[in-house]
Amino acid sequence: MTLDAHLVVHRGDFRLDLELTIAAGETVALLGPNGAGKTTALRALAGLIPLTSGHVTLEDRDLTEVPPERRRVGVVFQDYLLFPHLSARDNVAFGPRRHGADRRGAHEIADRWLARVGLTDFARRKPRHLSGGQAQRVALARALAVDPVLLLLDEPLAALDARTRLETRAELHRHLSAHPGATLLVTHDPLDALVLADRLVIVEDGRVVQEGDAATITAQPRTDYVAQLVGLNLYRGRGDGHVVHLEGGFALTATDVVHGAAFVAFPPAAVALHPARPDGSPRNTWPAVLTDIQRHGDNLRVRLDGPIVVAADITPAAAAHLDLAPGRELWAAVKASETRAYPVSS
Ligand SMILES: Nc1ncnc2c1ncn2[C@@H]1O[C@H](COP(=O)(O)OP(=O)(O)OP(=O)(O)O)[C@@H](O)[C@H]1O
């Protein structure tokens, strides 16, 4: 493994305890809600905050006591942190200079990287004369110019407007695919993670709650945060064949068979709403009260209270037919064939 780390950091009441490995050429996305500890983990890997305990090993070398400037780590910070008084070229040349290149050599490296990110014509500009997308590319070039064994990206697209973000994401994907070292991408945005990363590590409250490839995580979320991220309703209970019994006595039927501690999940689009109890009821039918309506793409997403709290997606036409308003009493139904059940222990 290129990176093998166990990061234990205590900051006030917050405790980070995270084991992380990344192979050469692999991009791992660290995903999690606000305050989960993503930036703390990234800064600990960069050597910018000390470990309370644990280790950081990069290519079999223990870096725990190595200062940031002597680690072969490139960092792109959320707000890029370019030196305002230096040109784009000198910003990129800064790293190679610090790693021992002479002025000319460092400028050659900088020019090569600026060409790779398509900014040759902007080499002399100061950061304040660059657009957000251009500044992002200079920051990436600066991080890559030291041939980092580990590249760290902290929300690298967060500061960009939607359109620039789309273009820059595609471009970043190209650079990450070509990067021979390990990459850690810290992000809130599931799309960034899905497009850019080979593997996702999801942290909540300083701990890993789930990790794996996007397909597995999307199919089988294990926490409410992950379920929301991938847009599924998720419940926990005990499986007894096709039926999963939830706390509080409600039960959901799935086509999967599961025994013992289990999750049940279904997408909001699988929920059908009826003004009265449907005839010939499918197995999973329950009375519900509407609590909230939001626009969701071309449809409406409604929230319902009842024996389980669910999100349901319905078309505007169906909404008009149902005369939806908060407080409205309805019946909800989900087919067993659209309900997935899987064991809690993977
Ligand atoms: N300098 C600090 N001193 C004490 N606690 C801190 C400090 N900086 C951050 N924390 C705490 O550490 C925890 C993790 O913060 P961190 O910034 O790593 O989370 P994050 O996952 O990156 O969040 P976000 O997505 O909001 O950036 C938070 O509870 C935060 O309050």
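Predicted model only: the values in this text are computed from it and were never measured. (Residues numbered from 1 in each chain as written. Predicted model: local features only at pLDDT ≥ 70, side-chain atom pairs only at ≥ 80, totals over all residues.)

Turning our eyes to something else, we now look at the overall build of the chain. The secondary structure content of the chain amounts to 9 helices and 18 strands. Principal-axis analysis of the C-alpha atoms places the extent of the chain at approximately 80 × 40 × 35 Å. Buried positions account for 37% of the 346 residues belonging to the chain. Here the contacts in the chain between residues at least 6 apart in sequence split such that 63% fall between residues at least 24 apart. (Helix = DSSP H or I, 4+ residues; strand = E, 2+ residues; numbered from the N terminus. Buried ≥ 20, exposed ≤ 12 C-beta atoms within 10 Å, placed from the backbone. Contact = placed C-beta atoms within 7 Å.)

So, about helix H3 (residues 103–116). For H3, with 14 residues, the first-to-last C-alpha span of 20 Å sits near the 20 Å given by 1.5 Å per residue. Those residues of H3 that sit buried are Ala106, Ile109, Ala110, Trp113 and Leu114. Down the axis of H3, the buried side of the element spans an arc of 135°, and every buried residue falls inside it. Contacts made by the buried residues of H3 are with helix H2 (88–98) and helix H4 (132–144). Positive backbone phi, at 75°, marks glycine 118, one or two positions downstream of H3. (Expected span 1.5 Å × (residues − 1). Arc of directions from axis to C-beta.)

Around the ligand, the surrounding shell consists of Arg11, Gly12, Phe14, Gly32, Asn34, Gly35, Ala36, Gly37, Lys38, Thr39, Thr40 and His188. Among the elements that line the shell around the ligand, the one with the most residues is helix H1 (residues 38–46), at 3 residues. (Near = placed C-beta within 6 Å.)

This brings us to the nonpolar core. Leu30, Leu45 and Leu152 are the most contacted members of the largest nonpolar core, which totals 66 residues. Tallying contributions element by element places H4 first for this core, with 7 residues. With residues near it in sequence (within four places) discarded, leucine 45 still touches Ala5, Val56, Val73, Leu150, Leu152 and Leu184. (Core = buried A, V, L, I, M, F, W, Y, C linked by C-beta atoms within 7 Å.)

Counting through the fold element by element, histidine 245 comes out in strand E11 (residues 233–246). Aside from chain neighbours lying at most four places away, what touches histidine 245 is Gly237, Arg238, Asp240 and Ala251.

Below, the discussion takes up the domain arrangement of the chain. With domains assigned, the chain is organised as domain 1 (3–224) and domain 2 (236–343). Taking the mean C-alpha position of each, domain 1 and domain 2 sit 40 Å from one another. (Domains from an automatic or database assignment.)

What follows is about the sheet that holds strand E9 (residues 199–204). Sheet architecture is open: 6 strands sit in the order E6-E7-E8-E3-E9-E10, paired in mixed fashion. Across the chains shown, the open sheet's two edge strands, defined by having one partner strand only, are strand E6 (73–76) and strand E10 (207–212). With strand direction ignored, the average angle separating the axes of adjacent strands in the sheet is 20°. As paired strands, strand E3 (residues 27–31) and E9 are joined by 4 bridges and run parallel to one another. (Pairing = 2+ DSSP bridges. Axes fitted to C-alpha atoms, helices over the stretch in contact; angles between N-to-C directions.)

This next bit is on unusual backbone geometry. The phi dihedral of aspartate 60 falls on the positive side, at around 65°, and the residue is not glycine. Under the C-beta neighbour-count criterion, aspartate 60 is labelled exposed, with 8 such atoms within 10 Å. Here the phi dihedral of aspartate 323 falls at roughly 55°; this positive angle occurs in a residue that is not glycine. Structurally, aspartate 323 can be placed in the loop between helix H9 (316–322) and strand E17 (329–334). Owing to 9 C-beta atoms within 10 Å, aspartate 323 belongs among the exposed residues under this scheme.

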